[in-house]
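Below, each chain spelled out in residue letters.
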Amino acid sequence: MATADDVLATPFALPKHGLSHRVVLAPMTRMRAADSGTPDTKLMSEYYAQRTTKGGLMISEGVVVGPRGKGFPNTPGLWSEEQVEAWKRITQTVHDHGGVFFAQIWHVGRVSVPSQTGGLPPLASVTTPLPGTHILFGAQNAREPYVPSQAMTEIDIASVILEFATAAKNAIRAGFDGVEIHSGNGYLLDTFLHSNINTRTDRYGGSVENRVRFPLEVVDAVIGAVGSARVAVRIAPFHVLQETKDTNRLETFGEYVRRLEQRRLAYVHIVEPRYDQLSTEGAFSDAIQRSVVGGGEKAVEKSTPMGLSIWPFRHILEQTVLITAGGFDADSARSAIAEGRADAVAFGRHFTSNPDLPRRLVEGLLLSGYDRKTFYTLGSKGLVDFASYTEGEAVKHMPRCL
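Residues numbered from 1 in each chain as written. Predicted model: local features only at pLDDT ≥ 70, side-chain atom pairs only at ≥ 80, totals over all residues. Heavy atoms only, no water.

Taking an unreviewed UniProt entry as the reference, the protein chain is identified by name as NADH:flavin oxidoreductase/NADH oxidase N-terminal domain-containing protein belonging to Discina gigas.

What follows is the structure, given as structure tokens:
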């Protein structure tokens, strides 16, 4: 139960925005866009408005920076005027409710298949494909075999850097307050970071310095487009899907985070190891290669600074806001903030079924259980039909998946 001075309800500041509390809407793919990448304005305006609080930070679902960066059907983009105009109406709704709204900009790289990239091979650091088949979810709800990627040339790299910068400009034109660059989860930028994936021998591969080069060039281009105070980066140092198995995660991501700290970003968003290493619920969780030491979540929570912990990155990010995410409840979120491990905590799945989640966490109210079957389906079911807390609703929506 929360106390009168609950840390979740205390204000803090991003470089350009004062926030009234520390519960953040995490980026979550919901697949309610047209095949063209244009978001469903009516549905998504309602969805985000329901979850907006005055002075609360919202991070959008992943928004694709260009047609070849798409990995899943019905995911929105920010490369066309039609998309920008649709997002304008959504962001205006969020601002009308007092929220701060960042767009997560996204290129999936080799986590895609030709049906999503216009028949072209996916772009990645190398040609080696992911094993097995790609889960499409959404309206198609099918599987498609992965194919060898196109190892990006320097011309390809320059083109994608421009796509990120353009998407960032479009995001600001569309009314977003900033952008969060998705640099984790085995997507494009992450394939350059991991030593086991990136076997290039040019200036974008080999050493840690070379492997962080392309992601940092993207960050710098986006900063040049919209300013550092409007730019954030999400990383997942302990991710174990999409063959992300860097031989020295702390060295690689420590260097990356050190370089991000120099850039005075709006924030850095880091996924907790207990989620990436131990989750049994993620969309691709069946493919997790569980290589962590025994002891389950408690072992991860008690890990040393040289083990599975975001503390090494917190110590680097002395001047940058750190948002963390992954498997939190109210009490563990309070602990993360009170200990100084993070400045704010992002929630995903619980926000799908609890549009008033900040209030519920702070007041200790019952949470409605989420419905995974509707995460990636078209239409309003499971998107906008969960109610804010009332005593009556508390009885009807007993937790199913907590």
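Additional details are given in the paragraphs that follow.
### Topic: the overall build of the protein chain
Note the cut-off: A run of H or I in DSSP counts as a helix once it spans at least four residues, and a run of E counts as a strand once it spans at least two, with each numbered from the N terminus. The rule is simple: take the accessible area with a 1.4 Å probe, protein chains only, and divide by the maximum for that residue type; under 20% is buried, over 50% is exposed, in between is partly exposed. In what follows, a contact means two residues having at least one pair of non-hydrogen atoms within 4.5 Å. Here, Shrake-Rupley sampling with a 1.4 Å probe gives the accessible areas, and only protein chains in the shown set may cover a residue.
If you tally the helices and strands in the protein chain, you get 14 helices and 14 strands. Here the protein chain holds 402 residues, and 59% of them are scored as buried. When contacts within the protein chain are restricted to residue pairs at least 6 apart in sequence, those whose partners lie at least 24 apart make up 73%. When the accessible area of the protein chain is evaluated, it comes to approximately 15,200 Å², of which 54% is carbon and sulfur surface.

### Quick word on the nonpolar core
To be explicit about the condition: Among buried residues, those of type Ala, Val, Leu, Ile, Met, Phe, Trp, Tyr and Cys that are joined through side-chain atoms within 4.5 Å constitute a nonpolar core.
Of all hydrophobic cores here, the largest spans 76 residues; its most connected members are Y48, L78, I181, F214, V222 and Y256. For Y256, the residues in contact, after removing those within four places along its chain, are S183, L193, V212, P215, L216, V219, V233 and I235. Among the nonpolar cores identified, the runner-up in size contains 17 residues, and A26, L57, V321 and I323 belong to it.

### Looking at the side chain of D190
Rules: Positive residues here are Lys and Arg, negative ones are Asp and Glu, while His and the chain termini are left out of the count. Should a side-chain nitrogen of Lys or Arg be within 4 Å of a carboxyl oxygen of Asp or Glu, the pair is scored as a salt bridge.
Within the element layout of this structure, D190 appears in helix α4 (residues 188-193). In this structure D190 is buried but unpaired, with R249 as the nearest side chain of opposite charge at 7.2 Å. Every residue in contact with D190, bar those within four places of it in the chain, is listed here: S183, G184, N185, T244 and F253.

### With respect to the packing of aromatic side chains
Aromatic ring pairs: the centre-centre distance and the angle between the two ring planes describe each pair. Our working rule: Only rings of Phe, Tyr and Trp enter the pairing, Trp through its six-membered ring, and a pair is recorded when the two centres are within 6.5 Å. The plane angle decides the type: under 30 degrees is stacked, over 60 is edge-to-face, the rest tilted.
In this structure the tally under the stated criterion is 13 aromatic pairs. Between the aromatic rings of Y47 and Y48, the centroid separation amounts to 4.9 Å while the plane-to-plane angle is 65 degrees, which identifies the pairing as edge-to-face. As far as the burial class goes, Y47 and Y48 line up, both buried. Ring plane angle 50 degrees and centroid distance 4.7 Å describe the contact between F101 and F176, whose orientation is recorded as tilted. Residue F101 is found in strand β5 (residues 100-106), and its partner F176 is found in the loop between α3 (154-173) and β10 (178-182); the two are separated by 75 residues along the sequence.

### Quick look at unusual backbone geometry
Although it is not a glycine, N74 sits at a positive phi angle of roughly 60 degrees. Structurally, N74 is set in the loop between β4 (57-64) and α2 (81-96). Here N74 falls in the buried class, since its relative accessible area comes to 4%. Phi is positive for Q242, close to 50 degrees, though the residue is something other than glycine. By the element assignment, Q242 lies in the loop between β11 (231-235) and α7 (249-261). Assessed through its relative accessible area of 11%, Q242 is described here as buried.

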